[in-house]
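What the coordinates show
Below, each chain spelled out in residue letters.
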Amino acid sequence: MRAVYEGAGSSMWGMNGGQPESPDGKRLVYARKADLSRPETEIVVCDRENPADAETVFRVNCGNHNGPSATFTDNRHIVFRDLTDGLSAFRILNVDTGEVVYGPIFAKESHCAESGIYPFSISEEFLGKNPSHPELDTCGIYLLNLSDGKIRRIADKDTVFRMVTEHGCTPNASTTSMSHVQLSPGGTKVMMRLSVENCPVFGALGCIEIATGKTWVIPDKPVHQLWFDDDTYMATRQYYDGEKIEMASSRIERFRPDGTCLEILGGIGNHIDGSPDRQWFVGDRAYPGYPADIFLYRRGETEPAAVFGGQNFQDCIWKRQIHPNPTFSRDGKRIYFNHPVSEERTKAMFVTLEELGV
């Protein structure tokens, strides 16, 4: 295992599956914090093969959970979130010139861009906060075209509420506060996590086919979902025993948007990712009271081919919200992950499959 940064303070990656690498595989983006108890955060871009060749490209305020969620949108631009007076915004930055190309746009950020399109959501707290974007006039899901800055809405509040009720769920006050908005690889569908009254533990997973408006909802959804391909998800199926979410019964699985399980991809997991060829899957044991081991699985096997990580700093993992968030590199040869080294400090790490002996 190797740390991307060996200096003082902490370093961290963003969301699982968010992809810290540039599309050409030459650069990485991560965050640094001098103190995990404070919001001040540096966004750093470095050379993939020589991480010491690094530059702080922006400074933001953010919490520790997923940090600023920084990812590359293309080889020259990154997207990340910032907090201003408690309100979240995202920016698109040219890392070569330092120019903020778009933003701040006050909205809920998404996992990543797909094919030059960045999805995001607007909920009640963001209404009226973007005077330079009058088109952001209602709650819903929007797409930002990164080539020309044009924004279009693909679902409004009524669409979201109708989707929820038509599939047997009950909206609540937080239903429009959608998170984990993700475009499918081909850009044909968008999925999102929905808060609904009758699924208080896991929430619901919604999906919209953009061209037709067809919708699907999975109540009590599998968690930490990512697109497997343009038509199916990979996610962790978990079970709640009335007091806690069970760990031993969790499985990394593949689902249709209607909730049908197509196959088991791996064993115990929480935050997950799959290799680009979808032959390897990784999941962390981020469950309270356990060391946060990371398990690597061959497709379809529930016994891990390798185990790594595993530091048992419970306050860092849960109170400070440093989740492992394992993520494959674009070539599938590395896994990036957050690795607490004390209750007050964490490191952005990576390991190669070759090092793991697989």
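Details of the structure are given in the entry above.
A short tour of the structure in this document, coming up. (Residues numbered from 1 in each chain as written. Predicted model: local features only at pLDDT ≥ 70, side-chain atom pairs only at ≥ 80, totals over all residues. Heavy atoms only, no water.)

1. So, the overall build of the protein
- Looking only at helices and strands, one finds two helices and 27 strands in the protein.
- Relative to the 2.2 N^0.38 estimate, which gives 21 Å for 358 residues, the radius of gyration of the protein is 19 Å and therefore close to what a compact globule would have.
- Over its C-alpha atoms, taken along the principal directions, the protein stretches across nearly 50 × 50 × 35 Å.
- In the protein, once contacts between residues fewer than 6 apart in sequence are set aside, the share between residues at least 24 apart is 46%.
- Of the roughly 14400 Å² of accessible surface on the protein, a fraction of 45% belongs to carbon and sulfur atoms.
- Charge separation in the protein, taken as the distance between the mean sites of 38 positive and 49 negative side-chain charges, equals 1 Å. (Helix = DSSP H or I, 4+ residues; strand = E, 2+ residues; numbered from the N terminus. Rg over C-alpha atoms; globule rule 2.2 N^0.38 Å. Contact = heavy atoms within 4.5 Å. Areas by Shrake-Rupley, 256 points an atom, 1.4 Å probe, with all protein chains shown as cover. Lys, Arg positive; Asp, Glu negative; His and termini not counted. Charge placed at Lys NZ, Arg CZ, Asp CG, Glu CD.)

2. A few points about a nonpolar patch on the surface
- A cluster of nonpolar side chains, namely Val201, Tyr240 and Ile245, defines an oily patch on the protein surface of about 230 Å² accessible area.
- Relative to the helices and strands, tyrosine 240 resides in the loop between strand 18 (233-237) and strand 19 (251-255).
- Residue tyrosine 240 is classed as partly exposed on the basis of its relative accessible area, which comes to 41%. (Patch = residues over 30% accessible without salt bridge, like charges linked within 9 Å, V, L, I, M, F, W, Y side chains within 5 Å. Salt bridge = Lys/Arg side-chain N within 4 Å of Asp/Glu carboxyl O. Buried < 20%, exposed > 50% of the residue type's maximum accessible area, 1.4 Å probe, protein only.)

3. What about the packing of aromatic side chains?
- Applying the stated rule across the entire model yields eleven aromatic pairs.
- Measuring from ring centre to ring centre gives 5.1 Å for phenylalanine 90 and phenylalanine 120, while their planes differ by 55°; the resulting arrangement is tilted. Of the two residues, phenylalanine 90 is situated in strand 8 (residues 87-94) and phenylalanine 120 in strand 10 (residues 117-122); the sequence distance between them amounts to 30 residues. Neither residue differs from the other here; phenylalanine 90 and phenylalanine 120 are each classed as buried.
- Cluster of aromatic residues (ring-pair linked, three or more members): Trp13, Tyr30, Tyr336 and Phe350.
- Positioned over the ring face of tyrosine 5 is arginine 32, at 3.9 Å from the centre of the ring.
- Geometry around phenylalanine 228 places arginine 278 over its ring, the cationic atom sitting 5.5 Å from the centre. (Phe/Tyr/Trp six-rings, centres within 6.5 Å; stacked < 30°, edge-to-face > 60°. Lys NZ or Arg CZ within 6 Å of the ring centre and 35° of its normal.)

4. A look at the sheet that holds strand 10
- In spatial order, the strands read 10-11-12; together these three strands make up an open sheet with antiparallel pairing. In the strand order of this sheet, the two ends are held by strand 10 and strand 12 (151-156), each with one partner. In this sheet, neighbouring strand axes are inclined to one another by 25° on average, regardless of whether the strands run parallel or antiparallel.
- Note: strand 11 (residues 140-145) against strand 12, five bridges, orientation antiparallel. In the strand pairing of strand 12, leucine 143 is matched with arginine 152. (Pairing = 2+ DSSP bridges. Axes fitted to C-alpha atoms, helices over the stretch in contact; angles between N-to-C directions.)

5. Here's the deal with the state of the cysteines
- In this structure the tally under the stated criterion is zero disulfides.
- You can see cysteine 62 has no disulfide; the closest cysteine sulfur is in cysteine 316, sitting 14 Å from it.
- Taking the relative accessible area as the measure of exposure, cysteine 62 reaches 3% and is therefore buried.
- Residue cysteine 112 stays outside any disulfide, its sulfur separated by 15 Å from that of cysteine 207, the closest cysteine. (Disulfide = S-S within 2.5 Å.)

6. Some remarks on empty space enclosed by the protein
- Evaluated as defined, the whole model comprises three cavities of 30 Å³ or more.
- Taken as a whole, the largest cavity spans an internal volume of roughly 70 Å³.
- Together, Trp13, Gly14, Met15, Gly18, Gln19, Pro20, Ala70, Thr71, Asn325, Thr327, Tyr336 and Phe337 line the largest cavity.
- In the lining of the largest cavity, the residues fall into six nonpolar, six polar and no charged. (1 Å grid on protein atoms, 1.4 Å probe; cavity = no way out; pocket = protein on both sides within 12 Å on 5 of 7 lines; lining within 4 Å. Points joined across faces, edges and corners; volume = space filled by probe spheres on them. Nonpolar A, V, L, I, M, F, W, Y, C, P; charged D, E, K, R; others polar.)

7. What about the layout of surface pockets?
- Its boundaries defined by the atoms lining it, the largest pocket holds a volume of some 710 Å³.
- In terms of lining, the largest pocket is formed by 33 residues, of which the most central are His65, His224, Asn270, His271 and His323.
- Those elements giving two or more residues to the lining of the largest pocket turn out to be strand 13 (179-183) and strand 17 (223-227).
- Here the lining of the largest pocket takes three residues from strand 17, the largest share from any one element.
- A class-by-class count of the residues in the lining of the largest pocket yields eleven nonpolar, 15 polar and seven charged.
- Volume-wise, the second largest pocket comes out at about 560 Å³.
- Surrounding the second largest pocket, 29 residues form its lining, Gly17, Gln19, Cys112, Glu114 and Arg330 being those nearest its centre.
- Elements with a contribution of two residues or more to the lining of the second largest pocket: strand 6 (71-72), strand 13, strand 17, strand 21 (272-274) and strand 25 (327-328).

8. Digging into the environment of histidine 111
- With respect to the helices and strands, histidine 111 occurs in the loop between strand 9 (100-106) and strand 10.
- Between the C-alpha atoms of histidine 111 and aspartate 74, which are 37 residues apart in sequence, the distance is 14 Å.
- Beyond its immediate stretch of four places on either side in the chain, histidine 111 contacts Met15, Asn16, Gly17, Gly18, Thr71, His180, Val181, Gln182 and Leu226.
- Side-chain polar atoms of histidine 111 contact the backbone oxygen of asparagine 16, separated by 3.4 Å.
- Among the polar contacts listed, one links the side chain of histidine 111 to the side chain of histidine 180, at a separation of 3.0 Å. (Polar contact = N/O pair within 3.5 Å; in protein donor to acceptor, adjacent residues only side chain to side chain.)

9. Here we look at the pairing of strand 20 (residues 261-266)
- Across four bridges, strand 19 lies against strand 20 in antiparallel orientation. Directly across from glutamate 253, in strand 20, lies its bridge partner isoleucine 264.
- Between strand 19 and strand 20, which pair antiparallel and follow one another directly, the connecting turn spans five residues, one of which, glycine 259, has a positive phi of 100°.

Structural measurements only, silent on function.
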